[in-house]
Amino acid sequence: METLFFIKSIKFEAFLPSMMKILEAGSEDEKMKIIEVFRNVLEHLKKSKASSIAVALVEKILPLFDSEHGRLRELSLWLLRDLLRSVVRRDEKKMRRQMRGALIPLLFRVSDQLPSVAR
């Protein structure tokens, strides 16, 4: 079972660059699907592996908070919450640096039209 999970983890890592590009330049629907994939896969990875992915992924999802599509904003915030929960001690400083740039845009989202985003 552990070997099978290791193989799946390697396969997932092979798709990371493509998935990151979709978050930058894909359609709104593609971005939402990729976010769902990340949310589902990250919870099944070892915490140390998920942590390093989380730090790299944060900078890709921050621009999504400004999307006109409310569901995309909501999903990106849920993913951010999951990413913050997956960070291990060795990556905490890196994550803090990433999040400093996100705090002001997140503060503006407190008055978002969607209650789930504002929350």
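See above for the structure.
Notes on the structure follow. The model shown is predicted, which means the values in this text are computed figures rather than measured ones.

Overview of a negative patch on the surface
- Residues Glu-28, Asp-29, Glu-30 and Glu-68 make up a contiguous surface patch of negative charge.
- Judged by its relative accessible area of 80%, Glu-68 is exposed.

Here's the deal with the packing of helix α2 (residues 28-42) against helix α4 (residues 70-86)
- Close contact between α2 and α4 brings their axes to 10 Å; oriented N to C, the two are set at 25°. As far as their axial angle goes, α4 and α2 are roughly parallel. Pair α2 / α4 crosses with left-handed handedness. Counting all contacts with α2, which are made through Glu-28, Lys-31, Met-32, Ile-35, Glu-36, Phe-38, Arg-39 and Leu-42, the residues of α4 involved are Arg-71, Leu-72, Leu-75, Ser-76, Trp-78, Leu-79, Arg-81, Asp-82 and Leu-83.

A few points about the pattern of salt bridges
- Under the counting rule described, the total for this entry stands at 7 salt bridges.
- Of the charged contacts, one joins Arg-81 and Asp-82 as a salt bridge, the two residues approaching to 3.2 Å between their closest N and O atoms.
- A relative accessible area of 32% places Arg-81 in the partly exposed class.
- Each of the salt bridges in this network shares a partner with another, and the network as a whole consists of Arg-39, Arg-81 and Asp-82.

What about the environment of Leu-75?
- As for its position among the elements, Leu-75 is in helix α4.
- A C-alpha to C-alpha distance of 9.5 Å links Leu-75 and Lys-31, two positions 44 residues apart in sequence.
- Leaving out residues up to four positions away in the same chain, Leu-75 has contacts with Met-32, Ile-35 and Glu-36.

The rules behind these values
- Residues numbered from 1 in each chain as written.
- Predicted model: local features only at pLDDT ≥ 70, side-chain atom pairs only at ≥ 80, totals over all residues.
- Heavy atoms only, no water.
- Patch = residues over 30% accessible without salt bridge, like charges linked within 9 Å, V, L, I, M, F, W, Y side chains within 5 Å.
- Areas by Shrake-Rupley, 256 points an atom, 1.4 Å probe, with all protein chains shown as cover.
- Salt bridge = Lys/Arg side-chain N within 4 Å of Asp/Glu carboxyl O.
- Lys, Arg positive; Asp, Glu negative; His and termini not counted.
- Charge placed at Lys NZ, Arg CZ, Asp CG, Glu CD.
- Buried < 20%, exposed > 50% of the residue type's maximum accessible area, 1.4 Å probe, protein only.
- Axes fitted to C-alpha atoms, helices over the stretch in contact; angles between N-to-C directions.
- Helix = DSSP H or I, 4+ residues; strand = E, 2+ residues; numbered from the N terminus.
- Parallel < 35°, antiparallel > 145°, perpendicular 65-115°, else oblique.
- Left-handed = near helix turned anticlockwise from the far one by under 90°.
- Contact = heavy atoms within 4.5 Å.

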